[in-house]
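# Overview (structure and organization)
Given next are the chains, with one letter for each unit.
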Amino acid sequence: MMNRLNMMWTYVLFRAARPALLAVAVAFGCAPAGAVEPAEKGGLDIYYIDVMGGAATLLVTPERESILIDTGWPGEDDRDPKRILHVLKEVAGLDHLDHLVTTHWHMDHFGGVEGLARRVEIKNFWDRGLPEDKIEGLDFPDGPKADDPLGVAYRAASKGKRKTVKAGDALPLRGDVKAIVLAASGRVAPAPENAPSNPLCAEAPADQEVDPSDNARSVVVRFRLGKFDFLDCGDLTWNVEKALVCPHDLIGSIDLYQVTHHGLSISNNPILLKTIQPIVAVMNNGPRKGGSAGTVERLKTIPSIQAAYQLHRNAETRAADNTDPSLIVNTDEQGGKFLHVAVSPDGSRFRVQFGVDGPERTFESH
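This write-up is about the structure you can find in this document. (Residues numbered from 1 in each chain as written. Predicted model: local features only at pLDDT ≥ 70, side-chain atom pairs only at ≥ 80, totals over all residues. Heavy atoms only, no water.)

## Details of the overall build of the protein
Counting its regular elements, the protein contains eight helices and 17 strands. A buried classification covers 54% of the 366 residues belonging to the protein. Sequence-distant contacts, at least 24 apart, represent 68% of the contacts inside the protein between residues at least 6 apart. Here the protein has roughly 15900 Å² of accessible surface; of this, 55% comes from carbon and sulfur atoms. (Helix = DSSP H or I, 4+ residues; strand = E, 2+ residues; numbered from the N terminus. Buried < 20%, exposed > 50% of the residue type's maximum accessible area, 1.4 Å probe, protein only. Contact = heavy atoms within 4.5 Å. Areas by Shrake-Rupley, 256 points an atom, 1.4 Å probe, with all protein chains shown as cover.)

So, in structure tokens, the structure goes:
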């Protein structure tokens, strides 16, 4: 009986002390059970969380400041908030979220906010604006309307904590990681004075029809640590992608590229890809959402790309219309496995790994 009581109290004390133990383990570079090996001290960690063709990308800076870009889908018993929370708490070892950036007002990008806000403190919200902000030139073709359940949930969660971003703004991060907003609400940042023209624009494909949806109004952010650059364009579409690099290149070379719009072909303009010359591309597609064959083929034509990862195999296209099978993170359609990118302190290299203990590769930055 006494042994059973001792075991019970040992378990209770361990559960109570676990957050502190986790923090100590991370601080000393020891990955606890269920956690990945973080970037070396002073580095940047990026986690692609599988939200089944939605978007949820978590960054953790050297100062342990956290930035989540989008919150995935609503519903499904809060599947996506739970997956985000698992990576934030159990893998990254954090007990709150410093910043939430919502790229645009589609449910696969902001639908999980209510479920997430119920489970963890979110200190700052950043978005392209709400209708009641009454900012000149801002339009909202797809919501979020004040009486829409998702709009209501977002307003409630972000009340008193949200700010609107525009092209050219910088997120107020501590330390060496810089985050610049290159586009928002369909507008791109101004080109630097005397910026040279991009010579590649001579071969740019023709514009498509103007995209009236909120995709074209996505918030675009470039993150930089030393030599390393990461680009997340949300669901930006063809014409505004071109405006980011033509007539002037507003982005520069990119080491890690989040394949835009889950890999749909109305995004990922070839002139953007050729200009930014990514080394690694990561497509946050689902088994039946995104991952267009045309985009996969387009990525294969970019000489700089050394590895093009997919979170899922597209179950509705041929094997040849997907990336190399060794670069597909989730082979089970139910998914749930994340992709971890660990960037060195000077940004000169980065490691890409499946989940906690899956296969990994290391790449040199530009």
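## Topic: the pattern of salt bridges
The final tally for this structure, using the stated rule, is 22 salt bridges. Here Arg 118 ties to Asp 78 by a salt bridge, and the two come within 2.4 Å at their closest N and O atoms. Of this pair, Arg 118 sits in the loop between α4 (113-117) and β5 (122-127) while Asp 78 sits in the loop between β3 (66-69) and α2 (79-91), and the two are 40 residues apart along the sequence. Residue classification places Asp 78 among the buried residues on the basis of a relative accessible area of 15%. Linking Arg 155 and Glu 132 is a salt bridge whose minimum nitrogen-to-oxygen distance equals 2.8 Å. Linking Arg 155 in helix α5 (residues 149-158) with Glu 132 in the loop between β5 and α5, this pair joins segments that are 23 residues apart in sequence. For Arg 155, a relative accessible area of 16% puts it in the buried group. Its relative accessible area of 43% is what places Glu 132 among the partly exposed residues. (Salt bridge = Lys/Arg side-chain N within 4 Å of Asp/Glu carboxyl O.)

## Some thoughts on the sheet that holds β5
In spatial order, the strands read β6-β5-β4-β3-β2-β1-β15-β16-β17; together these nine strands make up an open sheet with mixed pairing. Strand pairing shows two members of the sheet lacking a second neighbour, β6 (162-164) and β17 (360-364), which therefore form its edges. In this sheet, neighbouring strand axes are inclined to one another by 20 degrees on average, regardless of whether the strands run parallel or antiparallel. Relative to β5, strand β4 (residues 97-101) runs parallel, the two being bridged by four bridges. In the sheet register, Leu 97 faces β5, and the bridge partner there is Ile 122. (Pairing = 2+ DSSP bridges. Axes fitted to C-alpha atoms, helices over the stretch in contact; angles between N-to-C directions.)

## Quick look at the pairing of strand β13 (residues 307-312)
The buried fraction of β13 amounts to six of the six residues, a majority that puts the element mostly inside the structure. Where strand β12 (residues 280-283) lies against β13, four bridges are found, and the strand directions are parallel. Its bridge partner being in β13, Met 283 is matched across the sheet by Gln 310. Sheet topology places β13 next to strand β14 (residues 328-330); two bridges connect them, and they run parallel. Its bridge partner being in β14, Gln 310 is matched across the sheet by Ile 328.

## Looking at the packing of aromatic side chains
With the rule as written, the count across this model stands at 10 aromatic pairs. Measuring from ring centre to ring centre gives 4.9 Å for Trp 105 and Tyr 154, while their planes differ by 75 degrees; the resulting arrangement is edge-to-face. Of the two residues, Trp 105 sits in the loop between β4 and α3 (107-110) while Tyr 154 sits in helix α5, which places them 49 residues apart along the sequence. The burial state of Trp 105 is the same as that of Tyr 154; both residues are buried. (Phe/Tyr/Trp six-rings, centres within 6.5 Å; stacked < 30°, edge-to-face > 60°.)

## Brief notes about α5
Counting buried positions along α5 yields seven of 10 residues, so the element is predominantly enclosed. Regarding α5, the residues found buried are Leu 150, Gly 151, Ala 153, Tyr 154, Arg 155, Ala 157 and Ser 158. Buried-residue contacts for α5 involve α3, α4, β5 and β6. Here α5 starts with a cap whose side-chain oxygen sits 3.0 Å from the backbone nitrogen of Leu 150, and that cap is Asp 148. (Polar contact = N/O pair within 3.5 Å; in protein donor to acceptor, adjacent residues only side chain to side chain.)

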